[in-house]
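# A closer look at the structure
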Amino acid sequence: MNKVYLGIDIGSESVKGIIMDDDKNIIASEYLYIEKNVIDTTKRLISILKQRINNSSYKIISFGTTGVARKLIGTILGADVIKNEIVSHAIGIIMLKPDVKTIIDIGGQDIKIITLKDGGGLDYNISNLYTLDCEGDLLLDETQEKNIINYLIGIYKNEGLRGPISIQGGWSKNKEIVRCIKKLFKENIYVDEMSEFLGAFGVAILAKNKKNKEKIIVNNISFEIEKFNNYFKEYEKISLLRD
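Below you will find a few notes about this structure. Here the residue index of a chain counts from 1 through its sequence in written order. Residue-level local features of this predicted model are given only where pLDDT is at least 70; pairs of side-chain atoms are given and counted only at 80 or more, and the full residue set underlies all totals for whole chains, interfaces and linings. As a rule here, side-chain values cover all heavy atoms of the structure and leave hydrogens and water aside.

## A few points about the pattern of salt bridges
Note on definitions: salt bridges are taken to be side-chain nitrogens of Lys or Arg within 4 Å of carboxyl oxygens of Asp or Glu. The full count for this structure, using the stated rule, is 8 salt bridges. The partner of Arg 52 in a salt bridge is Glu 30, with the nearest N and O atoms 2.5 Å apart. Here Arg 52 is found in the loop between helix 1 (38-51) and strand 4 (58-67), whereas its partner Glu 30 is found in strand 3 (residues 26-33), with 22 residues between them in sequence. Linking Lys 97 and Asp 99 is a salt bridge whose minimum nitrogen-to-oxygen distance equals 3.7 Å. The rule is simple: take the accessible area with a 1.4 Å probe, protein chains only, and divide by the maximum for that residue type; under 20% is buried, over 50% is exposed, in between is partly exposed. Residue Lys 97 is classed as buried on the basis of its relative accessible area of 17%. Overall, the relative accessible area of 36% leaves Asp 99 in the partly exposed class. Counted as one network, the salt bridges with shared partners bring together Arg 70, Glu 85, Asp 105 and Lys 112. Runs of H or I in DSSP of at least four residues are treated as helices and runs of E of at least two as strands, each being numbered from the N terminus.

## What to know about the packing of aromatic side chains
Two rings from Phe, Tyr or Trp (for Trp, the six-membered ring) form a pair when their centres are within 6.5 Å of each other. A pair whose planes differ by under 30 degrees is stacked, one over 60 is edge-to-face, and the rest are tilted. Scanning all chains against the criterion turns up 2 aromatic pairs. On the basis of an interplanar angle of 65 degrees and a centroid distance of 5.6 Å, the ring pair of Tyr 31 and Tyr 33 is categorised as edge-to-face. Tyr 31 gets classed as buried once you look at its relative accessible area, which sits at 19%. The class for Tyr 33 is partly exposed, based on a relative accessible area of 42%. On the numbers, 6.3 Å between centres and 90 degrees between planes, the contact of Tyr 31 with Phe 197 is edge-to-face. Here Tyr 31, found in strand 3, pairs with Phe 197, found in the loop between strand 10 (189-190) and helix 6 (198-212); they are 166 residues apart in sequence, far enough to count as distant. Counting as a charge over the ring demands two things of the Lys NZ or Arg CZ atom: a distance within 6 Å of the ring centre and an angle within 35 degrees of the ring normal. Positioned above the aromatic ring of Tyr 31 is the side chain of Lys 16, whose terminal nitrogen or guanidinium carbon lies 5.6 Å from the ring centre.

## Some details on the nonpolar core
Within this scheme, the nonpolar core is defined by two criteria: the residues are buried Ala, Val, Leu, Ile, Met, Phe, Trp, Tyr or Cys, and they are joined through side-chain atoms within 4.5 Å. Counting 26 residues, the largest nonpolar core has Ile 18, Met 20, Ile 93, Ile 103 and Leu 116 as the members making the most contacts within it. Looking at this core, the elements with two or more residues in it are strand 2 (14-21), helix 3 (85-96), strand 7 (111-116), strand 8 (122-127) and helix 6. If one sorts the elements of this core by residue count, helix 6 sits on top with 8 residues. By definition, residues are in contact when any of their heavy atoms lie within 4.5 Å. Non-local contacts of Leu 116, meaning those with residues more than four positions away in its chain, are made with Ala 90, Ile 93, Ile 94, Val 100, Lys 101, Ile 103, Gly 121, Leu 122 and Arg 162. Leu 45, Ile 46, Ile 53 and Ala 79 belong to the second-largest nonpolar core, a separate cluster that totals 19 residues.

## What about the sheet that holds strand 3?
Taken together, 5 strands build an open sheet; the order of strands is 3-2-1-4-5 and the sheet is mixed. Looking along the sheet, the strands with just one partner apiece sit at the ends: strand 3 and strand 5 (81-82). At least two bridges found by DSSP between two strands are what make those strands a pair. The pairing of strand 2 with strand 3 spans 7 bridges and is classified as antiparallel. What sits directly across from Met 20, in strand 3, is Ile 26. Where helix 2 (residues 70-77) meets the sheet, it contacts strand 1 (2-10), strand 4 and strand 5, and its direction lies at approximately 150 degrees from that of strand 4. Seen against the sheet, helix 6 touches strand 1, strand 2, strand 3, strand 4 and strand 5 and runs at an angle of roughly 135 degrees to strand 1. Fitting a line to C-alpha atoms yields each axis, with helices limited to the stretch in contact; the angle taken between N-to-C directions then spans 0 to 180 degrees.

Structure (structure tokens):
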């Protein structure tokens, strides 16, 4: 029986999940909007994912949760790994495109700018100064677009953003957002075909590595996940207010 790993990203508006094999190939994925409550939606997502794989050939041996409700869902379901969105999104993209230097993760509650430092470190900037009421392919209104772009302009002027830049999260499939970001920045902009699932993918990788006691190595750099926690003490305090 083949071993597979489950990753779930529980956002403010939706739940994303993937199942990957030992070679980090995504063999099933699902994206559901939260309807009645996040617990029922997550259970339904897992049921759908299991139906998409051959249970006689595959066995889920480890899984992780990330996103705004990661601790709630992870605790209820007994996740092997519960990790914040910043680390999960970073791990997800560097496995697919190791040269990415900046991640713009646009979600339903905030925008996160994640900087991938030379040598395997991470840094971030987070803003919840805007409110988005939907995800997906809906067009932005003028106010939403201005809020997002003004925030990104401020970050760019104060700190600069190194390319390539990866746009991730549920809003990464919104063509208006991508168009605005490409217009604003001259750096190479990258949107993976699975960009909305990269948080789930990243936490599935972390679950696999914990189960098999593996290290994450990209471009001969070892990413020591435990050391990342020093970067996120303030972020975790913010997250506790939202979980």
